[in-house]
Amino acid sequence: MRTYFKKRYNSFRFALRGISSAVRSEPHMRLHVLAAVAVAALGFAFDVTKTEWCLLVGSMGLVVTAEIMNTAIETVVNLVSPKYNPLAGKAKDLAAGAVLITAITAAIIGTVIFLPYLLAFAQVYF
Ligand SMILES: Nc1ncnc2c1ncn2[C@@H]1O[C@H](COP(=O)(O)OP(=O)(O)OP(=O)(O)O)[C@@H](O)[C@H]1O
């Protein structure tokens, strides 16, 4: 039983190490984290609804997850194919495409949620 919990604890530690490594080594990842902090600040400032929080947190989680998967794929590709190879390029392009789609989706969700709040704010203060 003790070994079981030790293994789970170690898996959790390795996962945290992976997240920390992505934040330290990937400039895009730091940008996503910064965007997530800005979105959270806006969420608190406009006191968005529970459903809107779920959509915002869900889309931020998706972008960060896609970026970590992209980094993992890039790392494996660099390991198995350090030299130029069209398949290696395709794998990296596909992974980058997945990140782009999640980022565009998150941007659309953010705009749909925050635009009415921003317009109402502008009407009151300008
Ligand atoms: N081994 C390779 N063979 C063929 N094309 C490659 C190879 N490595 C990279 N490429 C091409 O160059 C592009 C950029 O690759 P790179 O490894 O620099 O990723 P990146 O998008 O710059 O990563 P990062 O997220 O670190 O900025 C890839 O999307 C791919 O089109």
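Definitions and cut-offs
Residues numbered from 1 in each chain as written. Predicted model: local features only at pLDDT ≥ 70, side-chain atom pairs only at ≥ 80, totals over all residues. UniProt positions renumbered as here; feature names shortened; annotations may be inferred. Helix = DSSP H or I, 4+ residues; strand = E, 2+ residues; numbered from the N terminus. Buried ≥ 20, exposed ≤ 12 C-beta atoms within 10 Å, placed from the backbone. Contact = placed C-beta atoms within 7 Å. Near = placed C-beta within 6 Å. Expected span 1.5 Å × (residues − 1). Core = buried A, V, L, I, M, F, W, Y, C linked by C-beta atoms within 7 Å.

Naming follows an unreviewed UniProt entry, where the protein chain appears as Diacylglycerol kinase family protein of Pontibacter mangrovi. Annotation of the protein chain in UniProt includes, under Sequence similarities (unreviewed entry), the sentence "Belongs to the bacterial diacylglycerol kinase family." Recorded in UniProt for the protein chain, the comment headed Subcellular location (unreviewed entry) runs: "Cell membrane".

UniProt feature "binding site: substrate" (unreviewed entry): in the numbering of this structure it lies at Glu 67. Relative to the elements of secondary structure, Glu 67 occurs in helix H3 (residues 50-80). Glu 67 gets classed as buried once you count the C-beta atoms within 10 Å, which come to 25. Among residues more than four places away in sequence, those in contact with Glu 67 are Ala 22, Glu 26, His 28, Met 29, His 32 and Val 99.

What follows is about the UniProt feature "binding site: ATP" (unreviewed entry) in the protein chain. The UniProt feature table records "binding site: ATP" (unreviewed entry) at Glu 26, Glu 74, Lys 92 and Asp 93. Within the element layout of this structure, Glu 26 appears in the loop between helix H1 (2-25) and helix H2 (27-46). Overall, Glu 26 belongs to the partly exposed group, with 17 C-beta atoms counted inside 10 Å. Setting aside residues no more than four positions away along its own chain, Glu 26 makes contact with Glu 67 and Thr 71. Following the sequence through the fold, Lys 92 ends up in helix H4 (residues 86-125). The residues touching Lys 92, leaving out its near neighbours within four places in the chain, are Ile 73, Glu 74 and Val 77.

Contacts to the ligand come from Glu 26, His 28, Glu 74, Ser 81, Tyr 84, Asn 85, Ala 88, Gly 89, Lys 92, Asp 93 and Ala 96. Counting residues per element, the shell around the ligand draws most heavily on H4, at five residues.

This part is about H1. The terminal C-alpha atoms of H1 lie 34 Å apart, and with 24 residues this matches the ideal 34 Å at 1.5 Å per residue to within 8%. Counting buried residues along H1, only one of its 24 residues qualify, which leaves the element largely exposed.

What follows deals with the nonpolar core. Grouped together as the largest cluster of nonpolar side chains are twelve residues: Ala 22, Met 29, Val 39, Leu 56, Met 60, Val 63, Val 64, Ala 66, Ile 68, Val 99, Ala 106 and Ile 113. Counting only elements with at least two residues in this core, the list comes to H2, H3 and H4. Residue contributions to this core peak at six residues, all from H3. Sequence-distant contacts of Val 39, defined by excluding residues within four places in its chain, comprise Leu 56, Met 60 and Gly 110.

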